[in-house]
Every structure is written in C-alpha cells, then in structure tokens.
Amino acid sequence: MTHDTLADHASSREQEERQISRLLNGLSVMAVVFLAGIGTKAWYAEHPVHAWVLWLFIVPVAFNMIWYAWTRDRVAQKAGLLTTVGLLFAYLLASGGEGNTGPLWFYVFPPLLFYLTSLKGGTAILLFCYLLAIIVFQFPGLPLVTAEYSTDFKIRFFATLTFESIFCFVLEAGRLRARNRLLALAKTHERAARTDELTGLANRREMQNRLDTEFSRFKRAGHHFSVVLIDLDLFKRINDDHGHNAGDAVLRQFADLTNTVVRQSDLAARWGGEEFLLLLPDTSLLQALALAERLRAEVASTQFQYQGETLPVTISAGVCSISKAGSVNELLKQADIQLYNAKDAGRNRIAPRVRSQGITESTETRA
C-alpha cells in the first residue's frame with residue numbers, strides 16, 4: 001500500500017471518528033435534557049430521591065462533554081459516556097424508576113453499545129448486563145435493590161431485550177461487512193488507477209504524481225533525486241517474430257526483474273509501451289548510474305523465456321539528476337536525450353556511460 005493510500009485511509013478514519021464524536025456530543029446534550037425533564041417530573045410526582053439521583057447523573061454527562069472539549073480524547077469520551085449510561089441503567093433497574101418502568105430505558109443501550117464498541121466487546125458487556133438484571137430480578141432483597149417485578153414483566157423484558165440485542169448485532173455486523181467491502185473496493189479501484197494492469201508497476205499517472213511530489217520536496221528541503229528512463233531494445237522485433245503475447249511476457253518478466261533491483265524507496269513505472277521510468281529519491285547522478293548499470297547487466301544476463309523459447313532482451317537507459325534540470329519536464333527531457341544517446345551508441349548501454357564488468361568504456365560527462 002502506498003504512502004498516499006495510507007494517508008487517504010487515515011483521513012477517512014479520522015473523519016469517521018469526528019462524526020462519532022459529534023454524535024456523542026449530541027446524545028450527551030439530549031441526555032442532559034431528558035434527565036433534567038424526567039427528574040423534574042419525578043419531583044412534582046413526589047419522588048424527590050429519584051429526582052435528585054437523575055439530576056446528579058447530569059454532572060458526569062456534562063463533565064464528560066467538558067473533558068472531551070478540553071482534551072479531545074475520543075477514547076475517554078466513549079468510555080465516559082458508556083460508563084455513565086451503564087450506571088444510570090443499573091440504578092433504574094435496581095430502583096425501578098417511576099412505576100417500575102426504569103428497566104425500559106435499557107432498550108437504548110444495545111444499539112449505542114454495538115456502535116461505539118466492537119461486536120465482541122458489545123456482546124460481552126451485554127451479557128454482563130443480562131447477569132446483573134437476572135440478579136436484581138431474582139434477589140429483590142439485595143442492598144440498594146428496592147424494586148420488585150412481576151414474572152410477566154421479567155419474561156417480556158428479557159424476550160424483547162434479547163430480540164433487540166440480536167437485531168442490533170446483525171445490523172452492526174452487516175454495516176461493518178458493507179463498510180469493509182466498500183474499503184476493499186476502494187482499494188481495488190485505487191490500485192487500478194495507480195497501477196499498470198500488465199506489469200503490476202506504477203502507471204504513468206502515478207509516476208507523474210510522485211515526480212511532482214519529489215520535486216516539491218527538492219525545492220522545499222533540497223533532497224536530490226534522479227530518474228532512469230529505460231527502453232527495451234528492438235522490442236518491436238519480439239512482437240513481430242514471436243507475437244504480442246511473447247512481448248507481454250517479456251514486459252512482465254522485465255518488471256519482475258526490475259523490482260528485484262530497485263530499492264524499497266524507489267518507484268518503478270511503465271511509462272508507455274516498452275518504456276519504463278525509475279524514480280530514485282535521495283539519489284545522486286552517480287548512484288543512479290550505478291543502479292541503472294546493475295539493472296542493465298541483470299537484464300543482459302537473464303534468459304527471458306516464452307513457451308520454452310529464449311528471447312533476446314537488452315535495455316538502453318538515460319539517466320538524469322534533478323541537479324541538472326530546473327523542472328520535472330526538463331528532467332524528463334534530459335533523460336530522454338540520454339536514452340537517445342544510448343540507443344544511438346549501439347544499444348544495451350547506459351548514458352552517461354559507466355564502467356561495468358561486461359563493458360569497459362570511458363565515462364561521459366553529459367547529464
């Protein structure tokens with residue numbers, strides 16, 4: 001995955017987290033309003049203890065919003081809200097609220113729980129809540145438990161809560177599957193937009209973007225880079241004599257060989273037809289010449305095969321450094337001139353020339 005791809009996915013994830021935080025802030029505001037309203041209703045219904053407890057729950061909800069506004073800690077925001085809601089539901093379950101209707105508010109919990117946590121984490125918390133409800137229902141004489149529920153209410157409560165929990169689980173699992181499929185589809189489309197279908201190397205568009213990025217980096221921080229423009233010698237003859245399938249096989253084999261020679265920080269691209277371009281960040285002209293010569297020697301010594309037949313393949317390449325050019329276009333133009341010089345000098349060579357084991361030549365100074 002490219003650096004740009006990682007940056008795009010990180011940006012998407014950040015945007016999603018911001019949306020969740022805004023949603024939690026909205027829910028927190030609604031919770032404050034509901035707690036204040038229901039507490040007031042309980043006060044006028046002559047349930048002062050219940051009213052004060054509900055009003056007191058406004059404090060942690062408000063504090064959680066203030067803490068997030070100050071720290072921007074989204075993990076703490078989620079944990080704080082879930083903890084507060086969990087304690088509130090535990091109180092409503094134990095006290096019964098007004099008319100033993102407190103447990104009914106628990107239906108709000110499963111969708112919020114699965115949305116803010118994982119499927120496994122949400123299920124584990126829900127099972128703990130089930131256990132708490134069973135204890136409260138079966139042992140009404142426990143400390144702090146003041147409510148008693150009928151058998152019919154218990155059955156209906158667990159049946160409806162179980163149905164809702166399963167429904168929320170299935171919906172969230174479906175949402176996550178759809179999200180993952182969309183991400184995978186986006187990655188596939190992005191790769192197709194950046195990659196040459198035949199060779200698997202970067203395509204011209206991706207290379208142009210990376211060249212512009214490297215040039216901006218050079219202008220900003222002075223990091224030099226070089227390019228190597230490569231052409232497969234007499235490639236048309238391979239297509240004419242052996243067919244286009246053989247030519248495609250050669251292009252794929254050359255791409256695979258190139259990937260074994262270039263560094264991880266380098267970028268190899270199919271520039272067009274049988275032309276390829278290497279982008280070598282933080283690389284001087286001499287270093288680029290050495291890498292290009294190593295690739296040329298590897299190609300010359302490699303037997304390219306198609307249907308059991310060995311095909312003669314060599315390359316010519318022109319090398320240029322950004323220190324010899326004032327723009328990306330000028331850099332590519334100089335590399336193209338050097339490529340022409342290499343082919344004009346007899347092919348199977350690099351221009352400017354370097355000394356190699358197979359060929360002993362004088363070094364040219366053109367760049």
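Quick notes on the rules
- Residues numbered from 1 in each chain as written.
- Predicted model: local features only at pLDDT ≥ 70, side-chain atom pairs only at ≥ 80, totals over all residues.
- Heavy atoms only, no water.
- Pairing = 2+ DSSP bridges.
- Helix = DSSP H or I, 4+ residues; strand = E, 2+ residues; numbered from the N terminus.
- Contact = heavy atoms within 4.5 Å.
- Axes fitted to C-alpha atoms, helices over the stretch in contact; angles between N-to-C directions.
- pLDDT = per-residue confidence, 0-100.
- Buried < 20%, exposed > 50% of the residue type's maximum accessible area, 1.4 Å probe, protein only.
- Disulfide = S-S within 2.5 Å.
- Expected span 1.5 Å × (residues − 1).
- Salt bridge = Lys/Arg side-chain N within 4 Å of Asp/Glu carboxyl O.

Trainee: Go over the sheet that holds strand E7 (residues 350-351), please, and point to the residues and values.
Mentor: Spatially, 5 strands are ordered E2-E3-E1-E6-E7 in an open sheet, and the strand pairing comes out mixed. Among the strands making up the open sheet, the edge pair consists of strand E2 (267-272) and E7. Relative to strand E6 (residues 315-321), strand E1 (residues 225-232) runs antiparallel, the two sharing 7 bridges. Looking at E6, one finds that Ile230 is bridged to Ala317. Sheet strands touched by helix H8 (residues 204-221): E1, E2 and strand E3 (275-281). Its angle to E3, the strand with the most contacts, is close to 30°.

Trainee: An account of the confidence of the model for the protein is needed here, citing residue identities and associated values.
Mentor: Taken residue by residue, the protein gives an average pLDDT of 88. The fraction at 70 or more is 93%. Element-level pLDDT for the protein is lowest in helix H1 (residues 3-44), with a mean of 81, against a maximum mean of 97 in E3. Note that residues 356-367 has pLDDT below 50 and, in this model, 21 contacts with residues that lie over four places away or in other chains.

Trainee: Any chance you could break down the pairing of E2 for me, citing the residues and the numbers?
Mentor: On a regular strand, each side chain points to the face opposite its neighbour's, so the side chains alternate between the two faces of the sheet. The buried count for E2 comes to 5 of 6 residues, which makes it a mostly enclosed element. One ladder, built from 5 bridges, connects E2 with E3; its direction is antiparallel. Bridged to Gly272 within E3 is Glu275. Here E2 folds back onto E3, and the loop between the two strands holds 2 residues, one of which, Gly273, carries a positive phi near 60°.

Trainee: I'd like to hear about the state of the cysteines, residue by residue, with values.
Mentor: Scanning the entire structure with this criterion turns up 0 disulfides. Summary of cysteine pairing: Cys129 is not part of a disulfide, and the nearest cysteine sulfur, belonging to Cys168, is at 13 Å. Residue Cys129 is classed as buried on the basis of its relative accessible area of 13%.

Trainee: Please give an account of helix H7 (residues 151-194) that cites residues and values.
Mentor: Since the α-helix packs 3.6 residues into each turn, any two residues three or four apart lie on the same face. Taking 1.5 Å as the rise per residue, H7 with 44 residues should run 64 Å; its terminal C-alpha atoms sit 64 Å apart, in good agreement. Buried within H7 we find Lys154, Phe157, Phe158, Leu161, Glu164, Ser165, Cys168, Glu172, Ala173, Glu190 and Arg194.

Trainee: So what about the pattern of salt bridges? Which residues, and what values?
Mentor: Under the definition given, this model contains 13 salt bridges. Of the charged contacts, one joins Asp231 and Lys343 as a salt bridge, the two residues approaching to 2.8 Å between their closest N and O atoms. Of the two residues, Asp231 is situated in strand E1 and Lys343 in helix H12 (residues 328-344); the sequence distance between them amounts to 112 residues. Here Asp231 falls in the buried class, since its relative accessible area comes to 9%. Lys343 sits in the partly exposed class, given a relative accessible area of 22%. With a shortest N-O distance of 2.8 Å, Asp240 and Lys236 are connected by a salt bridge. One end of the pair is Asp240 and the other is Lys236, both in helix H9 (residues 235-242) and 4 residues apart, which spans about a single turn. Look at Asp240 and you get exposed, because its relative accessible area is 51%.

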